[in-house]
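# Working through the structure, step by step
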Amino acid sequence: MIASTKPSAPEMEAIAARHPHLLQSSSNKRLKAALIGASLVSYMVFSWWFFSVGHVLANANWGIAGTYLADWISYEIRPDIEIAPDGTMVVSYQRNSPLGANPNPDWVVLEKETVTRTVETPAAAVQAPKPKASSSFSFMAPNAALGGNQGAGRQNAAQTRTEEVVTRALVTYDGSTNIEVAERLVKATHAGETFTMAVDGADTVTPQGPLPRWATQKRPGEKITLSFGLTGWAEVEGDEVSIRNRFFGWANFLFDTNSPFFGKSYGEVASLILSGDRIDPARSNLALAWNNILYNAEWQHLDVWTKLLQTVVMAFVGTLFASLIAFPLCFLAARNITPNLFANQLFKRFFDFLRSVDMFIWALFFTRAFGPGPLAGMSAIFFTDTGTLGKLYSEALENIDDKQREGVKSVGATPLAVQRFGVLPQVLPVFASQALYFWESNTRSATIIGAVGAGGIGLKLWEAMRTNSDWENVAYMVLLILMVVFVFDSISNVCRSRLMGRSAH
Amino acid sequence: MATSALSRHLSESGALVERHWQELNARRRLYTSLGLALLVLTVFASLWFANDSNAGKFFDRLPHFFDFVGDLMPRDAMEIIRAMFDLPSPYDDGSFKYNYPDGRLYLTENLYIPEYFHKMLETLNIAIFSTVIGVFFGFVLSFLAARNLMPNPWVRGVVRRLMEILRAFPEVVIAGFFLAILSLGPIPAIAAVSIHTIGALGKLFFEVVENSDMKPEEGLRAVGGNWIERVWFGIVPQVLPNFTSYFLLRLEINVRASTIIGAVGGGGIGELLRLAIGQGHEAKTLAIVILLFTTIFAVDQFSAWLRRRLVGDQAFQLAQ
């Protein structure tokens, strides 16, 4: 090992003193750097003001952002516990609950009591029939003549009946978090702390003791929000406790709640398919299961796959046709192959036109021509890529080695044979490689033109996002797109390596 | 066959070689024709599928192909100019279609910027701003992803995967997500375009870094420079021209990208274009298309000129 070759500090100073010009960049250069830096900073400040970035960021709803992000990979079960003034409760679940029509999860424990109580029922039978408002003309104010009569009819009848009511509910989020509702008290336990709130069954919530860190109440008496991090949150109001319990994963990915296979474990489903009796007499259980998966109402597997296939097909056919059309045209655009300046310029400008109108505008144009669907997207890709590939191909042609052409010419070959044997072998790998690259990259970019109706998965993605509640579907589609892009990327990389040799890209 | 007649005059080993060559040739022809047949089959299947799932069928719609172009013809050529510069139209019947002065941006009492120019400037600004952001992060990340500067394979791998994800993630999704949080406006477009730019430029940048000459870096290492100093004084001056070239290339692409993102709710001229086409406002549509075409063409030409001046003819391939 050589000892440190670093000069000591006095030595360095001595060197610096002897050669001052080496350590000072010219003032011109320094000024230029400072100018570029300053203009960049002032541009950023200007843009910050121009787009009012600060204002937008401050007004953004970052809490929602967290919920949306969590929705990508998890789902919520939402039991609502309504509390009556006498302290009894009714538990209800969201419409289309991921747990099916009759959810009774084991993390919600209800204690029921049979009580006899007096319930006031509205006396609907005695109600007078409503007068027809429009059938006859009346000088009297509406309901005036019938007012007294109706009031008498509205008297409620007191009934005494015996029924089973919920008097205590215990909701367990996880080991350290639970909420207990009993006797007009809501007891929440989280992170080793227990926090009690009194509810009156109408509209006031009173915290008993100081609020813990995970609870917020904006004004006294108003609702209290409890946030338990990733496991979920809850809202306590005077007459209702809304539970939001979050579970990791995608609910009902295979079978939706209408399917006979819903809620069964993999083993049960497998045994049903292999040896169970037919659920639907018309077809086998396997066919039924497959059909249920394809037409899953929440995940729409078949539709998503079809749309994805459309995107792939659009990119494939569009790029293939573009390269087929660009191939003959690029020979006319290359100035060394076709020495006619007018033809060169004509085709080059034609390529420029196709390219700079942009895929998106072509897509809008073709959706009007063909109607929304993959034909429009395919044509848009075809038009744009003819321009791009034509330009790249003609540039590749202009860069070729002239000696091979001369060689073929010197043995008296026809012009066509000169191109075939003198030019093509040089450029064909480049052409194919460019086409493969654009095929793969178009698969990626075709999602955007899909969003304006040009077919493919783009519109589906866009619709799922606009509703703001189907983020797990968005995640699913994105995952599928990424997988497809990855596969194509690998295929086109392999093809390119075989065409051009390992070192060329 | 001529060759078999020829092979009679060959020696035994010569005939063997000849036969072998023939076999190889036949096999190659077989594979080529099989591959071509497969390709043709795939293309026809794809076309049938696309036509089948399209709302309108190809041959049914073909006679109507130029209907849209016909619909786009305004009453007179001056209408396009009026729409573009927000001049009042003689056909103004109070409807939105001919109400060109509506979106004017007044700078002073009488001086205004026409609506489409204003929106085009906004789109251009979205593109520049997001390219600058993308370049900044791509610049930082590229040194962490380059094999010659980052010996730790874990850091390198993580940074490269990150850039791959940023690059491959559909822009519509990023824009849609930020739209949900931030509401309509240019910020979702900026987020979407710059996130994609980080991934795309980061890759091009680190490839440039990996190809750079390591001797200046070695020199700096010899005098005890730390990592940042080595990168800043040894590598950056070498790669800066190439980086600038890629920056300009990306700027061209991002001008298009921000137009597209605008159309799915990200502000700028894309939104207006989609509205104009959707509502059948012919003069407005043509005005926007002409404006877009001119702008994109001008940006392309300018950046190509600048790139030629800065780095010569190298690095001119397109990159997405």
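Predicted model, so just to flag it, every value in this text is computed and none were measured.

Analysis parameters
Throughout, residues of each chain are indexed from 1 in the direction in which the sequence is written. Ligands are numbered from 1 and chains lettered from A, in the order in which they are written. Where totals are concerned, whole chains, interfaces and linings use all residues; where local detail is concerned, this predicted model gives features only for residues with pLDDT of at least 70, and gives and counts side-chain atom pairs only at 80 or more. As a convention, hydrogens and water are excluded, and side-chain values are obtained from all of the structure's heavy atoms. For helices the rule is a DSSP run of H or I covering at least 4 residues; for strands it is a run of E covering at least 2, with both sets numbered from the N terminus onward. Two things to know: the radius of gyration comes from C-alpha atoms, and the globule rule equals 2.2 Å times the number of residues to the power 0.38. Contact definition: two residues touch when any of their heavy atoms are within 4.5 Å. Residue-level accessible areas treat just the shown protein chains as cover; the underlying method is Shrake-Rupley with a 1.4 Å probe. When charges are counted, neither His nor the chain ends are considered; positive counts come from Lys and Arg and negative counts from Asp and Glu. Positions of charges follow a simple convention, taking NZ of Lys, CZ of Arg, CG of Asp or CD of Glu. When two parts are put together, the accessible area they lose, computed with a 1.4 Å probe and summed over both, is reported as buried area. A pairing counts as a salt bridge when a side-chain nitrogen of Lys or Arg comes within 4 Å of a carboxyl oxygen of Asp or Glu. Under the rule applied, a polar contact is a pair of N or O atoms within 3.5 Å (in protein, one hydrogen donor and one hydrogen acceptor; residues adjacent in sequence only if both atoms are side-chain atoms). When residues are grouped by polarity, Ala, Val, Leu, Ile, Met, Phe, Trp, Tyr, Cys and Pro land in nonpolar, Asp, Glu, Lys and Arg in charged, and all others, Gly among them, in polar. UniProt positions are given in the numbering used here, feature names are shortened, and annotations may be inferred rather than shown by experiment. Note that the domain bounds reflect an automated or database-derived domain assignment. To estimate how far a helix should extend, the number of its residues minus one is multiplied by 1.5 Å. Relative accessible area decides the class of each residue, using a 1.4 Å probe on protein chains only: under 20% of the type maximum gives buried, over 50% gives exposed, and in between gives partly exposed. Between 30 and 60 degrees the pair is tilted, below 30 it is stacked and above 60 it is edge-to-face, where a pair is any two Phe, Tyr or Trp rings, Trp via its six-membered ring, whose centres lie within 6.5 Å. Pairs of strands are assigned from DSSP output, requiring at least two bridges between the strands. Known as pLDDT, the predictor's confidence for each residue is given on a scale from 0 to 100.

With that settled, the discussion passes to the overall build of chain B. Secondary structure assignment for chain B yields 13 helices and 2 strands. Here chain B has a C-alpha radius of gyration of 28 Å; the compact-globule value for 320 residues is 20 Å, and the former is much larger. Sequence separation of at least 24 residues holds for 66% of the intrachain contacts in chain B that already meet a minimum separation of 6. Carbon and sulfur atoms form 66% of the exposed surface of chain B, whose accessible area is close to 16500 Å². Taking the 28 positively charged and 29 negatively charged side chains of chain B as two groups, their mean positions are separated by 9 Å.

Another point: the interface of chain A and chain B. The interface of chain A with chain B comprises 67 residues on the first partner and 62 residues on the second. Carbon and sulfur atoms supply 77% of the area buried between chain A and chain B, which totals about 6000 Å² over both sides. Taken as a group, Phe-51, Arg-368 and Phe-370 of chain A account for 12% of the area that chain A buries against chain B, more than any other trio of residues on that side. Across the contact surface, chain A and chain B share 0 salt bridges. For the pair chain A and chain B, the interface holds 10 residue pairs in polar contact (both at pLDDT 80 or more). Within the side of chain A that touches chain B, the residues separate by chemical class into 48 nonpolar, 12 polar and 7 charged.

We now examine the UniProt feature "transmembrane region" (unreviewed entry) in chain A. All names here are of chain A. Under the feature "transmembrane region" (unreviewed entry), the UniProt entry names residues 33-51, 312-338, 359-383 and 474-495. Secondary structure across residues 33-51 divides into 95% helix and 0% strand, with the first and last C-alpha atoms of the span separated by 27 Å. Helix makes up 81% of residues 312-338 and strand 0%, whereas the separation of the span's terminal C-alpha atoms amounts to 36 Å.

What follows is about the UniProt feature "domain: ABC transmembrane type-1" (unreviewed entry) in chain A. The sites that UniProt annotates as "domain: ABC transmembrane type-1" (unreviewed entry) are residues 308-492 of chain A. For residues 308-492 of chain A, the helix share is 84%, the strand share is 0%, and the end-to-end C-alpha distance is 19 Å.

All names here are of chain A. Considered domain by domain, chain A is made up of domain 1 (68-115 + 164-251) and domain 2 (301-499). One C-alpha centre belongs to domain 1, the other to domain 2, and the line joining them spans 55 Å. Taken together, the contact pairs 4 residues of domain 1 with 7 residues of domain 2. With both chains or domains summed, domain 1 and domain 2 bury close to 640 Å², and 75% of this area falls on carbon and sulfur atoms.

Attention now moves to the pattern of salt bridges. Residue and element names in this part refer to chain A. Counted by the stated rule, this structure contains 28 salt bridges over all chains. Of the charged contacts in the structure, one is a salt bridge between Glu-398 and Lys-348, with a shortest N-O distance of 2.9 Å. A residue pair is termed long-range when its members are at least 10 positions apart, and Glu-398 in helix 12 (residues 374-398) and Lys-348 in helix 10 (residues 341-356) qualify at 50 residues. Shared partners join several salt bridges into a network, and the residues in it are Asp-71, Glu-76, Arg-78 and Arg-246.

Further remarks concern helix 8 (residues 171-182) of chain B. An α-helical segment advances 3.6 residues per turn. Residues three or four places apart therefore align on the same side. Residues and elements named next belong to chain B. When the terminal C-alpha atoms of helix 8 are compared, their 16 Å separation across 12 residues agrees well with the 16 Å that a helix rising 1.5 Å per residue should span. Most of helix 8 sits out of view: 11 of its 12 residues are buried. For helix 8, the complete set of buried residues consists of Glu-171, Val-172, Val-173, Ile-174, Ala-175, Gly-176, Phe-177, Phe-178, Leu-179, Ile-181 and Leu-182. Directly after helix 8, the chain includes Ser-183, whose backbone phi takes a positive value near 65°.

Residue and element names in this part refer to chain A. Within the chain, Ala-191 stands out as a residue other than glycine whose phi angle is a positive 50°. Residue placement: Ala-191 occurs in the loop between strand 7 (185-190) and strand 8 (193-199). With phi around 45°, Gln-300 is a residue other than glycine that occupies positive phi space. Within the secondary structure layout, Gln-300 lies in the loop between helix 8 (285-294) and helix 9 (301-333).

Right, let's get into the UniProt feature "domain: ABC transmembrane type-1" (unreviewed entry) in chain B. With numbering matched to this structure, UniProt assigns "domain: ABC transmembrane type-1" (unreviewed entry) to residues 120-303 of chain B. In the segment residues 120-303 of chain B, helix accounts for 86% and strand for 0%; the C-alpha atoms at its two ends are 18 Å apart.

Moving on: the environment of Asp-352 of chain A. Residue and element names in this part refer to chain A. Along the chain, Asp-352 turns up in helix 10. Here Asp-352 falls in the buried class, since its relative accessible area comes to 11%. A sequence separation of 105 residues divides Asp-352 from Phe-247, and the C-alpha atoms of the two residues are 53 Å apart.

This part covers the packing of aromatic side chains. In the structure shown here, the tally under the stated rule is 53 aromatic pairs over all chains. A centroid spacing of 6.5 Å and a plane angle of 70° characterise the contact between Tyr-43 of chain A and Phe-129 of chain B, whose relative ring orientation is edge-to-face. Here Tyr-43 of chain A is found in helix 3 (residues 27-50), whereas its partner Phe-129 of chain B is found in helix 6 (residues 115-145) on a different chain. Residue classification places Tyr-43 of chain A among the buried positions, given a relative accessible area of 18%.

Residues and elements named next belong to chain A. Within strand 12 (residues 232-236), 4 of the 5 residues are buried, which leaves it mostly tucked inside the rest of the structure. Pairing between strand 11 (residues 224-227) and strand 12: 4 bridges, direction antiparallel. By the bridge assignment for strand 12, Ile-224 is matched with Val-236. Where strand 11 folds back onto strand 12 in an antiparallel hairpin, the turn is made up of 4 residues, including Gly-229, whose phi is positive at roughly 70°. Taken together, the 5 bridges between strand 12 and strand 13 (residues 240-248) define a ladder with antiparallel strand orientation. For Glu-235, the partnering residue across the bridge sits in strand 13 and is Ser-242. Between the antiparallel neighbours strand 12 and strand 13 lie 3 residues.

Time to look at the confidence of the model for chain B. Residue and element names in this part refer to chain B. Summing up the model confidence of chain B, the mean pLDDT is 84 and the portion of residues at 70 or higher is 94%. Mean pLDDT across the elements of chain B ranges from a minimum in helix 1 (residues 2-7), with 54, to a maximum in helix 6, with 92. Contacts of residues 315-320 to residues separated by more than four positions or lying in other chains number 24 contacts, the stretch itself having pLDDT below 50. Interface confidence in the predicted complex, given as ipTM, is 0.80; pTM for the same model is 0.79.

Here we come to helix 10 of chain A. Residue and element names in this part refer to chain A. The terminal C-alpha atoms of helix 10, which comprises 16 residues, lie 22 Å apart, in line with the 22 Å expected from a rise of 1.5 Å per residue. Those residues of helix 10 that sit buried are Ala-343, Asn-344, Phe-347, Lys-348, Phe-351, Asp-352, Leu-354, Arg-355 and Ser-356. The backbone nitrogen of Phe-342 has a side-chain oxygen 3.0 Å away, supplied by the residue at the start of helix 10, namely Asn-340. Of the residues flanking the end of helix 10, it is Asp-358, one or two places downstream, whose phi is positive at about 80°.

Residues and elements named next belong to chain B. Residues annotated by UniProt as "transmembrane region" (unreviewed entry) correspond here to residues 30-50, 124-144, 165-184 and 285-306. Annotated as residues 124-144, this span is 100% helix and 0% strand, and its ends, taken at the C-alpha atoms, are 30 Å apart. Segment residues 165-184 splits into 80% helix and 0% strand. End C-alpha atoms: 25 Å apart.

Moving on, we get to the confidence of the model for chain A. If pLDDT is low for a region, its predicted coordinates should not be looked at in detail. Residue and element names in this part refer to chain A. The predicted model of chain A has a mean per-residue pLDDT of 81, with 89% of residues at 70 or higher. Looking across chain A, the model is least confident in helix 6 (residues 147-153), with a mean pLDDT of 44, and most confident in helix 9, with 92. Counting contacts from residues 124-154, a segment whose pLDDT is below 50, to residues more than four positions away or on other chains yields 6 contacts.

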